[in-house]
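The residues making up each chain are set out below.
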Amino acid sequence: MNAERRQRGSGCRAAGAATATAVCVPAVPMAVMLGIGLWGLDREGMWRDEGVTFQVARRSVSEIWRLLQGVDAVHGLYYLLMHAVLAVRPDEGVLSGEVALRLPSVLGATAAAGLIAALGARLARPRVGLWAGLLFAVTPMVGHYAQEGRSYALVTAGVAGATLLLVRRVWWAYGVVLGITCLLHELALLAACAHAVTLAAGRAPRRVWFRWARAVVGVGVALLPLVTVSRAQAGQVEWLAEPGWGTAERLLRGFVAGPTGVVFGACVLLMVVGLGAGRVAAVALPLMVLPPVLLVALSQVRPVYDDRYVLYALAGAPLLVAAGADRVAGLVARERRYGGRLLSPLSPLSSLSPPSPLSSLNPLSHPIPLAGTLAITLAFLHHLPLHRQDRSPTHRPDNLAAASAFATRHLGPGDPVLFLPSIGRRAALAYPQGFREAWDVALRQSGPRSGTLYGREVGAEELRRRLDSVDRVWVVAEPYALSSPWYPRNPTERTKLAIVGEEFRPLPTGRPDDPLRLYVRRPPTHQAAGRHRVRPTHHTADSPRARPAQPAPPAHPTPSTPPAPSPPPTRPSPTQPSPRQS
């Protein structure tokens with residue numbers, strides 16, 4: 001009787017320990033990721049892509065749907081999600097809007113950290129999951145996108161969840177999660193290719209292949225309308241360059257806990273050691289390598305590659321590093337290995353179940369999880385300046401709040417403002433306070449009403465008539481617009497460039513890098529001479545001499561929607577503000 005009671009008590013303790021381990025392994029990385037994500041989340045200023053999310057998500061559902069038919073269909077589900085998020089803001093303050101904009105990405109990265117930890121624990125042992133989740137949380141690239149109001153952190157969580165469901169063989173849930181993830185960003189479908197390699201490496205039986213294929217085909221059918229529409233909008237990514245050999249090194253440095261120094265070297269070394277951890281490597285290696293390789297290969301034909309498009313592949317890197325560290329620790333403690341070689345018939349996918357938490361923790365290995373956690377903490381502290389720098393508003397490509405604040409100080413009611421090109425209007429759309437009473441000289445119809453991102457502008461002749469009535473104009477110009485041989489295809493943009501260059505001159509006040517610059521009309525003699533020397537508006541878009549080399553615009557711009565021809569409206573008075581945008 002006493003022996004039976006002792007056996008039951010031992011079983012209860014074992015079950016309790018297993019439950020505690022199953023909870024703590026993902027919970028600790030999630031708590032760390034949540035803290036890192038919330039740190040500095042309220043930094044002032046959205047950058048251009050966040051500004052697009054913010055201004056689109058505040059439109060009505062019908063206006064968002066109309067927009068998606070012409071542009072940004074690939075982000076449609078994310079915009080609808082953010083529409084719901086921004087609709088429940090506690091107030092209309094800009095600061096709360098910025099936090100609400102970025103909070104879903106923080107939660108997505110937090111979920112991804114827990115899912116990666118659970119995946120590592122299932123494939124190997126609890127400490128592998130703990131280390132993998134923590135390594136993911138402290139990676140600077142993860143922290144960057146965890147605080148960005150775009151879909152990439154949510155996509156990473158979706159791919160990590162789908163991978164865990166693949167290992168657990170919950171096929172209906174796998175199809176649902178993978179489908180939603182691909183609707184958030186269609187390039188997440190490349191993760192299914194990595195999963196196919198995992199099945200091949202694990203020598204999955206035919207029935208597993210059939211169920212996986214059925215789920216993936218369902219995802220493909222659901223994704224087909226989005227792919228069809230987004231292909232017609234492929235011009236949005238014309239700014240992307242063809243990736244070269246440097247892409248691989250840059251991505252590898254971004255995928256580990258530290259991009260430089262001893263941390264980077266140690267992570268790469270442990271990653272190589274982790275390739276021998278059969279079950280972990282069979283899942284992590286294809287996930288880390290295959291999506292970037294496929295997208296880079298596709299970009300040799302038509303450039304569609306950007307690091308953030310394959311952010312979800314980062315989930316494989318901490319698993320490999322943690323598996324390598326576990327193998328090293330196991331050799332030191334003389335522990336029994338948990339897996340065979342990558343293609344070993346002794347470790348098919350059907351055997352991907354975790355060892356008992358109690359059996360994986362003998363007295364010699366008790367300090368090992370703490371030692372690994374301490375090492376990850378030191379790696380984070382070593383790159384703490386990099387994390388701090390990333391939370392500075394100046395670290396993003398631009399700061400739309402700074403442009404609006406400048407406009408608030410300098411623009412008066414009815415002051416004419418010219419956006420060159422029209423994508424410069426993003427500051428006025430994200431932070432309208434500074435531009436609310438100014439006169440947008442070129443605007444004909446606002447973005448929500450026209451179903452575009454930045455609105456439709458008047459034609460070239462009407463724009464010239466409007467600018468002929470003013471002697472001073474504030475110009476919001478992209479860096480490449482006035483300081484390079486940029487030649488736009490849109491006739492309205494060409495007219496802006498010609499008039500500003502020929503008929504106006506910038507005042508020497510302020511700094512050259514100010515977001516707005518005041519231009520005043522040149523004396524009539526200079527205008528006549530300038531018009532005699534050059535008239536870019538006489539050229540056609542197909543003329544060879546009218547198409548000099550166009551430099552690459554700044555990182556990640558969103559192209560403007562060209563205006564549709566329509567009768568020009570009545571010219572407003574230059575001393576009165578134009579009708580406000582909706």
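Residues numbered from 1 in each chain as written. Predicted model: local features only at pLDDT ≥ 70, side-chain atom pairs only at ≥ 80, totals over all residues. Heavy atoms only, no water.

### A closer look at the overall build of the chain
Point 1. Across its full length, the chain holds 24 helices and seven strands.
Point 2. Per-residue burial for the chain yields a buried fraction of 53% across its 582 residues.
Point 3. Residue pairs in contact within the chain that sit at least 24 positions apart in sequence constitute 80% of those at least 6 positions apart.
Point 4. Accessible area of the chain: about 26,100 Å², with a carbon and sulfur share of 64%. (Helix = DSSP H or I, 4+ residues; strand = E, 2+ residues; numbered from the N terminus. Buried < 20%, exposed > 50% of the residue type's maximum accessible area, 1.4 Å probe, protein only. Contact = heavy atoms within 4.5 Å. Areas by Shrake-Rupley, 256 points an atom, 1.4 Å probe, with all protein chains shown as cover.)

### Comments concerning the packing of aromatic side chains
Any pair of aromatic rings gets described here by the distance separating the centres and the angle formed by the planes.
Point 1. Using the criterion set out here, one finds six aromatic pairs in the structure.
Point 2. Ring plane angle 40° and centroid distance 6.3 Å describe the contact between tyrosine 152 and tyrosine 309, whose orientation is recorded as tilted. Pair noted here: tyrosine 152 is in helix α8 (residues 152-168) and tyrosine 309 is in the loop between α14 (278-299) and α15 (316-333), with a separation of 157 residues, a long-range link.
Point 3. According to the relative accessible area criterion, tyrosine 152 is buried, its value standing at 4%.
Point 4. For tyrosine 309, a relative accessible area of 10% gives the class buried.
Point 5. With centroids separated by 5.9 Å and ring planes inclined at 45°, the aromatic side chains of phenylalanine 419 and phenylalanine 435 adopt a geometry described as tilted. With a gap of 16 residues between them, phenylalanine 419 in strand β1 (residues 416-420) and phenylalanine 435 in the loop between α19 (426-430) and β2 (439-440) connect regions that are remote in the sequence. Residues phenylalanine 419 and phenylalanine 435 agree in their burial class; the two are buried.
Point 6. Within the aromatic cluster, the residues linked to one another by ring pairs are Tyr145, Tyr152 and Tyr309. (Phe/Tyr/Trp six-rings, centres within 6.5 Å; stacked < 30°, edge-to-face > 60°.)

### Section: the nonpolar core
Point 1. Judged by nonpolar contacts, the single largest core of 137 residues is most densely connected at Met33, Tyr174, Trp212 and Phe435.
Point 2. When residues in this core are grouped by element, the largest group, twelve residues, is from α8.
Point 3. In this structure methionine 33 touches Ala109, Thr110, Ala113, Phe136, Ala137, Val142 and Ala146, once residues within four positions along its chain are discounted.
Point 4. Counting residues in each nonpolar core, the second largest holds 14 residues, with Trp439, Ala442, Val500 and Phe504 among its members. (Core = buried A, V, L, I, M, F, W, Y, C linked by side-chain atoms within 4.5 Å.)

### Some remarks on the confidence of the model for the chain
Point 1. Per-residue confidence for the chain averages 82 on the pLDDT scale, and 79% of its residues sit at or above 70.
Point 2. Scored below 50 in pLDDT, residues 340-365 shows 49 contacts in the model against residues more than four places distant or in partner chains.
Point 3. Low pLDDT, under 50, characterises residues 527-582; the predicted model gives this stretch 117 contacts beyond four residues in sequence or across chains. (pLDDT = per-residue confidence, 0-100.)

### Thoughts on unusual backbone geometry
Point 1. Following leucine 420, the chain continues into proline 421 via a peptide bond in cis, with omega recorded as -5°.
Point 2. Notably, aspartate 72 is not glycine yet its phi reads approximately 60°, a positive angle.
Point 3. With respect to the element layout, aspartate 72 can be found in the loop between α3 (61-68) and α4 (76-87).
Point 4. Note on aspartate 72: relative accessible area 5%, which makes it buried.
Point 5. Despite not being glycine, arginine 169 has its phi angle at roughly 60°, a positive value.

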